[in-house]
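Observations on the model geometry
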Amino acid sequence: MVRWTVALPYDSAAKFADYAHPRMLVTTEWVAGHLEDPGLVVAESDEDVLLYETGHIPGAVKLDWHTELNDPVTRDYVDGAAFARLMSSKGITRDTTLVLYGDRNNWWAAYALWVCSLFGHPDLRLMDGGRAKWFAEGRPVTTEAPQRPLTDYPVVERDDTQIRAFQDQVLAHLGKPLIDVRSPGEYTGELLHMPDYPQEGALRGGHIPGAKSVPWSRAAAEDATFRPRAELEAIYQDEAGLRPDDDVVVYCRIGERSSHTWFVLHHLLGYPHVRNYDGSWTEWGNSVRVPITRGENP
Amino acid sequence: MTATALHPRLQEIAGEFNAVPESERLQLLLEFAQGLPPLPARYATQHDLLEPVPECQTPLFLAVEIDPDAAVHLFFDAPQEAPTTRGFAGILHAGLDGLSADEVLATPDEFTSQLGLQHLVSPLRLRGMAAMLGRIKRQIRERRS
């Protein structure tokens, strides 16, 4: 069967034109204007698993990072077959323009976009400003979950070699650029000394030796949109000293906030070699004989 | 099921969750989120009286009061855009508010895993509710010592 699909137009917003890959972003206006288009699926991905149920963009499906994108047994993402089933169940085909948005400045949406990128979904976009901006603008919302027919999404194996880093690769990477995107307190290793309540997730506090601290939130403006390119360059290049041709690894606690920074470095600034270390601090901080650094210096 | 008996009020809540199909459990959790009473003015204006629960991924604050007759009262504050956290708080409020200090302390820590939410909500998120319960119990023990 030959199927002719017409890709949805890209958003020509002036702000996006400055970014390296302007096609990766759409505005809320663009989404509002294309909601009825066949070929588009909007997916909401939130930290809070109930937020979608309280109201979402009309027609948007829910994509949950925890319960859907992870394999519950292997501590890994789902495999190609499970990803195909997931996409099929959301009514997404390989030709679908998949627009992601979510709460918390699009952390989780960026994370979902990064996972979908591991499977090479061709047309992925992020709605700049996420859920907060859509709601702040008073745009239509519904609590009705759409029923989309199953699709025949192909089984595509995950490619972990380009944008994902594993612990042994990060060990081999020590000395090259690393960005820790967590909050300053997590970076220095300052612990909350609350009796009976051990620090969540890691036995040790601190950061990967050599990692520079650039909290992910610096890339986000007040309204949850990404900062303009010039401001991003000032942060990541002038302050943190990155160069566009650097081989960069980003990490956080479980790899979600660092997906936001991965998106910024790779798609907005156009760095070709950026990998997200999704094992992040919950793996590194707990690993036997893996070096860490405490305090404010890299 | 655990050998430690759940208070009938908690049993009823756990029963409600387990009686509905998985597809409707999130809706039920949302109802608990909506049922969480607003913070009384004395806390709303003095937020530092509340204890933060950093294990919750969204900011949650709670306060515990014990009446002269030993009845426990619970107060929670979580943003509207964190319905899961509010839902957990709503469950604890519905299940524990008004019980005696002893009854609250007797609540098994694993109560949070008896709601049939693990697959829907994930263990990491449920940990936030366990942390709330842990802090409530710790505050009660501290008051009594």
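This text goes with the structure placed above it.
One structure accompanies this document, and this report is about it. Numbers given to residues run from 1 along each chain, matching the order in which its sequence is written. Whichever chain is written first is A, and whichever ligand is written first is 1; the rest continue in order. Reporting of local features is limited, given that this is a predicted model, to residues whose pLDDT is at least 70; pairs of side-chain atoms are given and counted only at 80 or more, and all residues count toward the totals for whole chains, interfaces and linings. Derived side-chain values reflect all non-hydrogen atoms in the structure, with water molecules and hydrogen atoms excluded from consideration.

Right, let's get into the overall build of chain A. Along its length, chain A carries 12 helices and 11 strands. For chain A, whose C-alpha radius of gyration is 19 Å, the value lies close to the compact-globule estimate of 19 Å for 298 residues. Each principal axis of the C-alpha atoms in chain A carries an extent, and together these give about 55 × 45 × 40 Å. Each residue is assigned to one of three classes by its accessible area relative to the maximum for its type, calculated with a 1.4 Å probe on protein chains only: buried under 20%, partly exposed between the two thresholds, exposed over 50%. Here chain A holds 298 residues, and 54% of them are scored as buried. Strands are runs of DSSP state E lasting at least 2 residues, helices are runs of H or I lasting at least 4, and numbering of each runs from the N terminus. Put simply, the radius of gyration uses C-alpha atoms, and a globule should come to 2.2 Å times the residue count raised to 0.38.

The subject of this paragraph is the nonpolar core. Within this scheme, the nonpolar core is defined by two criteria: the residues are buried Ala, Val, Leu, Ile, Met, Phe, Trp, Tyr or Cys, and they are joined through side-chain atoms within 4.5 Å. Counting residues in each nonpolar core, the largest one holds 60 residues, and the members touching the most others are A:L98, A:L100, A:L126, A:Y236, A:F263 and A:L265. Here the element with the most residues in this core is helix α6 (residues 107-118) of chain A; it accounts for 11 residues. Not counting residues up to four positions away in its chain, the partners in contact with A:L126 are A:M24, A:L25, A:V26, A:L100, A:N106, A:A109, A:A110, A:L113, A:F226 and A:F263. Counting 41 residues, the second-largest nonpolar core is a separate cluster that includes B:I13, B:L28, B:L74 and B:L126. Contact criterion: two residues are considered in contact whenever any of their non-hydrogen atoms come within 4.5 Å of each other.

This part is about helix α1 (residues 8-19) of chain B. An α-helix turns once every 3.6 residues. As a result, residues three or four positions apart point the same way. All names here are of chain B. Expected helix span is computed as 1.5 Å times (number of residues minus one). When the terminal C-alpha atoms of α1 are compared, their 16 Å separation across 12 residues agrees well with the 16 Å that a helix rising 1.5 Å per residue should span. Of the residues making up α1, those classed as buried are L10, I13, A14 and F17. Summarising the axial view, the buried residues of α1 lie within an arc of 95°, below the 170-degree limit, and thus occupy one face. Exposed and facing more than 90 degrees away from the buried side of α1 are P8, E12 and A19. The directions from the helix axis to the C-beta atoms form the arc being described.

In this section: the interface of chain B and chain A. Opposite the 25 residues of chain B that make contact, chain A presents 21 residues. Approximately 1900 Å² of surface area, both sides summed, lies buried where chain B meets chain A, with 56% of it carried by carbon and sulfur atoms. What counts as a salt bridge is simple: a side-chain nitrogen of Lys or Arg found within 4 Å of a carboxyl oxygen of Asp or Glu. Between chain B and chain A we count 0 salt bridges in total. A 3.5 Å cut-off defines polar contacts: any pair of N or O atoms within that distance qualifies, except that in protein one atom must be a possible hydrogen donor and the other a possible acceptor, and neighbouring residues in sequence count only when both atoms are side-chain atoms. Connecting chain B to chain A are 3 residue pairs in polar contact (both at pLDDT 80 or more). Elements with a minimum of two residues in the side of chain B that touches chain A: α2 (22-35), α4 (83-96), α6 (118-121) and α7 (123-144) of chain B. Counting residues per element, the side of chain B that touches chain A draws most heavily on α7(B), which supplies 6 residues. Here the buried area means the combined drop in accessible surface, using a 1.4 Å probe, for two parts upon being joined, counting both sides.

Okay, the sheet that holds strand β11 (residues 274-276) of chain A next. Residues and elements named next belong to chain A. A sheet is described by the order of its strands in space; here 4 strands give the open sequence β9-β8-β10-β11, paired in parallel fashion. Unpaired on one side and paired on the other, β9 (212-213) and β11 mark the two borders of the sheet. Bridge count between strand β8 (residues 178-180) and strand β10 (residues 248-251): 3 bridges; the pairing is parallel. Within β10, the position partnered with L178 by the bridge is V249. All axes are obtained by fitting lines to C-alpha atoms, using only the stretch in contact for helices, and the reported angles, taken between N-to-C directions, cover 0 to 180 degrees. Across the sheet, helix α11 (residues 257-268) lies against β10 and β11, angled at about 150° from β10, the strand it touches most. Here, a strand pair is defined by DSSP locating no fewer than two bridges between the strands.

All names here are of chain A. Taken in spatial order, the 5 strands of this open sheet run β1-β7-β6-β2-β3, and their pairing is parallel. In this open sheet, the two strands that pair with only one neighbour each are β1 (25-26) and β3 (61-62). Lying on the sheet, α6 is in contact with β6 (97-101) and β7 (124-127); it crosses β7 at an angle near 175°.

It is worth spelling out the pairing of strand β2 (residues 40-44) of chain A at this point. The side chains of a regular strand alternate between both faces of the sheet. Residue and element names in this part refer to chain A. Of all 5 residues making up β2, 5 are buried, and the element is well covered by its neighbours. On β2, burial covers both faces: L40, V42 and E44 on one face and V41 and A43 on the other are all buried. Two elements, β2 and β3, share 2 bridges in a ladder whose sense is parallel. Considered in β3, the bridge of E44 is made with K62.

Residue and element names in this part refer to chain A. In this model, α11 (12 residues) spans 16 Å end to end at C-alpha, consistent with the 16 Å of a helix rising 1.5 Å per residue. Burial analysis of α11 places 12 of its 12 residues in the buried class, the great majority of the element. The first or second residue beyond α11 is G270, which carries a positive phi of 80°.

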